[in-house]
Amino acid sequence: MAERSVVVTGGTGGLGGAVVASFVDAGWRVVVPQRAARPGSEPAADGLVRVVADLTDPAGAARVVEAAVGDPAAPLRAVVNLVGGYASGGLVHETPVEEFERMLTVNLRPTYLVTQAALPHLVAAGGGAVVCVSARAALTPFAGAAGYVTAKAAVLAFANAVAVEYRSRNVRCNTVLPSVIDTPANRAAQPDADHSRWVTPAEIAPVIRFLAATDSAPTTGASVPVYGRA
């Protein structure tokens, strides 16, 4: 029987599968939101709970957290915010504000809403951890993706704000910053890149699990690079 629960948003994505598997293998009860029910998607692994929810909607985020706290034997101890997306385009003066704002909605809004809904429960349980995923681009921007760069920088700033506000309540918040993650989608988008230099989901997952677990109890407000050799 699992003794602790974790919410993993974006758990059905390229990075999410490895992160979910890492937590399940470590004995966590893992709650994974998805936008719609998928035939045949029910997992064989014990301790994995899927919840249909729109994480850009406050009610959807609250529903996921309620599912996560629904087992008194496995209190919510961690939230992992993986959900996000990437879009490139022109320079700033060529980018419609709607495209810019869409990156904020995709990357920042779910992270804010799920974290906001979970914090009172983490505090009530005596503490826990929030792990957010930003990107190296938040620190070293590149041209043609102002919305994405801004959104990932905002995720990092938000995580640091949570770390400051909740450290006295035993809730930690840390951020990982990947370079390019070696997923099928990224390989398809960049077929000529040197994929051997990219960081793999299997390499990132243990870092995230460490930051969510009590082994990293002294650490909050950290920005952890997970660049591989990129």
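Everything that follows concerns the structure shown earlier in this document.
Computed from a predicted model, the values in this text were never measured in an experiment.

> What is the right way to read the packing of aromatic side chains from this model?
Two aromatic rings, taken as a pair, are described by how far apart their centres are and by the angle between their planes. In the structure shown here, the tally under the stated rule is four aromatic pairs. Aromatic side chains Tyr-86 and Phe-142 sit 6.4 Å apart centroid to centroid with 40° between the ring planes, which places their arrangement in the tilted category. Of the two residues, Tyr-86 sits in the loop between strand 4 (76-81) and helix 3 (97-107) while Phe-142 sits in the loop between strand 5 (128-133) and helix 5 (146-166), which places them 56 residues apart along the sequence. The exposure class of Phe-142 is partly exposed, given its relative accessible area of 39%. When the centroid spacing of 5.3 Å and the interplanar angle of 50° are considered together, the rings of Tyr-112 and Phe-158 count as tilted. With a gap of 46 residues between them, Tyr-112 in helix 4 (residues 109-124) and Phe-158 in helix 5 connect regions that are remote in the sequence. In textbook terms, an aromatic cluster arises when at least three aromatic residues are bridged by ring pairs, as seen for Tyr-86, Phe-142 and Tyr-148. For the cation-ring pair, Arg-136 lies above Tyr-227, with the distance from its terminal atom to the ring centre recorded as 4.7 Å.

> Sorry if this is basic, but what is going on with the sheet that holds strand 4 here?
By way of backbone hydrogen bonds, the strands of a sheet pair with one another, either parallel or antiparallel. Pairing in this open sheet of seven strands is parallel, and the strands run 3-2-1-4-5-6-7 from one edge to the other. The sheet is open, and its two edges are formed by strand 3 (48-52) and strand 7 (223-226), each paired on a single side. Across the sheet, the mean angle from the axis of one strand to that of its neighbour is 20°, orientation sign disregarded. Sheet topology note: the strand 5/strand 6 (residues 171-178) ladder contains six bridges and is parallel. Its bridge partner lying in strand 6, Val-131 is registered against Asn-174. Across the face of the sheet, helix 4 comes into contact with strand 1 (5-9), strand 4, strand 5 and strand 6 while running at roughly 170° to strand 4.

> Would you mind showing me how to read the pairing of strand 4 here?
Within a regular strand, side chains alternate between the sheet's two faces. Most of strand 4 sits inside the fold, with five of its six residues counted as buried. As paired elements, strand 1 and strand 4 share five bridges and run parallel to each other. Bridge assignment links Thr-9 to a residue of strand 4, and that residue is Asn-81.

Thresholds, definitions, all that
- Residues numbered from 1 in each chain as written.
- Predicted model: local features only at pLDDT ≥ 70, side-chain atom pairs only at ≥ 80, totals over all residues.
- Heavy atoms only, no water.
- Phe/Tyr/Trp six-rings, centres within 6.5 Å; stacked < 30°, edge-to-face > 60°.
- Helix = DSSP H or I, 4+ residues; strand = E, 2+ residues; numbered from the N terminus.
- Buried < 20%, exposed > 50% of the residue type's maximum accessible area, 1.4 Å probe, protein only.
- Lys NZ or Arg CZ within 6 Å of the ring centre and 35° of its normal.
- Pairing = 2+ DSSP bridges.
- Axes fitted to C-alpha atoms, helices over the stretch in contact; angles between N-to-C directions.
- Contact = heavy atoms within 4.5 Å.

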